[in-house]
Amino acid sequence: MKRRDFLSFCLACASGGALFPARPARAMSFDKERRCCATCHYWTGARKAFSQERVTAEVNERARCTNPDSDYRNLFVNSLHVCDKYWRWDQLNQSPVFRPS
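Described below are features of the structure shown in this document. (Residues numbered from 1 in each chain as written. Predicted model: local features only at pLDDT ≥ 70, side-chain atom pairs only at ≥ 80, totals over all residues. Heavy atoms only, no water.)

**Looking at the packing of aromatic side chains**
Put simply, the rule is: Aromatic rings from Phe, Tyr and Trp, taking only the six-membered ring of Trp, are treated as a pair when their centres fall within 6.5 Å; an angle between ring planes under 30 degrees marks them as stacked, one over 60 as edge-to-face, and anything in between as tilted. Whether a charge lies above a ring is judged from NZ of Lys or CZ of Arg, which has to be within 6 Å of the ring centre and within 35 degrees of the ring normal.
This structure, assessed with the given rule, holds zero aromatic pairs. Its guanidinium or amino end placed over the ring of W89, R47 lies 3.9 Å from that ring's centre, counting from NZ or CZ.

See below:
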């Protein structure tokens, strides 16, 4: 086997996950008062809000910042990242509707 063939074989195995299996995703829950990208309005990562109080996102999730005033605009940042142009996510600002019975 030539060196070139061996390297292409290794690349094919690595991209398929045979040599380096994927690590399991680690989700983390964030309180709405925590000022990090997972709770920021301008972070585009996958997350889920629970009862307007908590957010669940993957710790290693990297997503684009879309804040026009931030130094990190259009850069990929992880869910734990913090900047001084934080704005709370809209889904956390909504208060639950109280309807008396």
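Let's pick the thread back up.
**Structural notes on the sheet that holds strand β2 (residues 47–50)**
So the rule is basically this: Here a strand pair is declared whenever DSSP counts at least two bridges between the two strands. Helix and strand definitions follow DSSP, with helices as H or I runs of at least four residues and strands as E runs of at least two, each counted in order from the N terminus. To define axes, lines are fitted to C-alpha atoms, for helices over the stretch in contact only, and angles between the resulting N-to-C directions are given on a 0 to 180 degree scale.
Taking strand neighbours across the sheet as the criterion, the three strands line up as β1-β3-β2 in an open arrangement whose pairing is antiparallel. The outermost strands of the open sheet, each flanked by one partner alone, are β1 (27–31) and β2. On average, each strand axis in the sheet is tilted by 25 degrees relative to the strand beside it, whichever way the strands run. Sheet topology note: the β2/strand β3 (residues 54–58) ladder contains four bridges and is antiparallel. In the sheet register, K48 faces β3, and the bridge partner there is T56.

**Considering the pattern of salt bridges**
For clarity, the threshold we go by: Salt bridge, as applied in this entry: a Lys or Arg side-chain nitrogen positioned within 4 Å of an Asp or Glu carboxyl oxygen. Think of it in three bands: residues with accessible area under 20% of the maximum for their type are buried, residues over 50% are exposed, and the middle band is partly exposed, with areas taken using a 1.4 Å probe on protein chains only.
Evaluation of the coordinates by the stated rule reveals three salt bridges. Across the pair D31 and R54 runs a salt bridge, and its minimum N-O distance is 3.6 Å. Note that D31 is positioned in strand β1 and R54 in strand β3, a separation of 23 residues in sequence. By relative accessible area, which is 35% here, R54 ends up partly exposed. The closest approach of N and O atoms between E33 and R88, which form a salt bridge, is 3.2 Å. With a gap of 55 residues between them, E33 in the loop between β1 and β2 and R88 in the loop between β5 (76–78) and α2 (90–93) connect regions that are remote in the sequence. Residue R88 is classed as partly exposed on the basis of its relative accessible area, which comes to 24%.

**A few points about unusual backbone geometry**
The residue N74 is not glycine, and still its phi comes out positive at about 65 degrees. With respect to the element layout, N74 can be found in the loop between β4 (62–64) and β5. For N74, a relative accessible area of 43% translates into the label partly exposed.

**A few points about the nonpolar core**
In a soluble, globular protein the nonpolar side chains are often hidden away together inside. Definition in use: The set of buried Ala, Val, Leu, Ile, Met, Phe, Trp, Tyr and Cys residues whose side-chain atoms join them within 4.5 Å is what this entry labels a nonpolar core. The contact rule is simple, with two residues in contact once any of their heavy atoms fall within 4.5 Å.
Among the nonpolar cores identified, the biggest contains five residues, and these are C37, W43, A63, C65 and V77. Not counting residues within four places of it along the chain, the set of residues in contact with A63 comprises W43, T44, G45, L75, F76 and V77.

**Here's the deal with the side chain of K32**
Residue placement: K32 occurs in the loop between β1 and β2. Judged by its relative accessible area of 17%, K32 is buried. When residues no more than four places from it in sequence are discounted, the contact partners of K32 are Q52, E53, Y86, R88 and L92.

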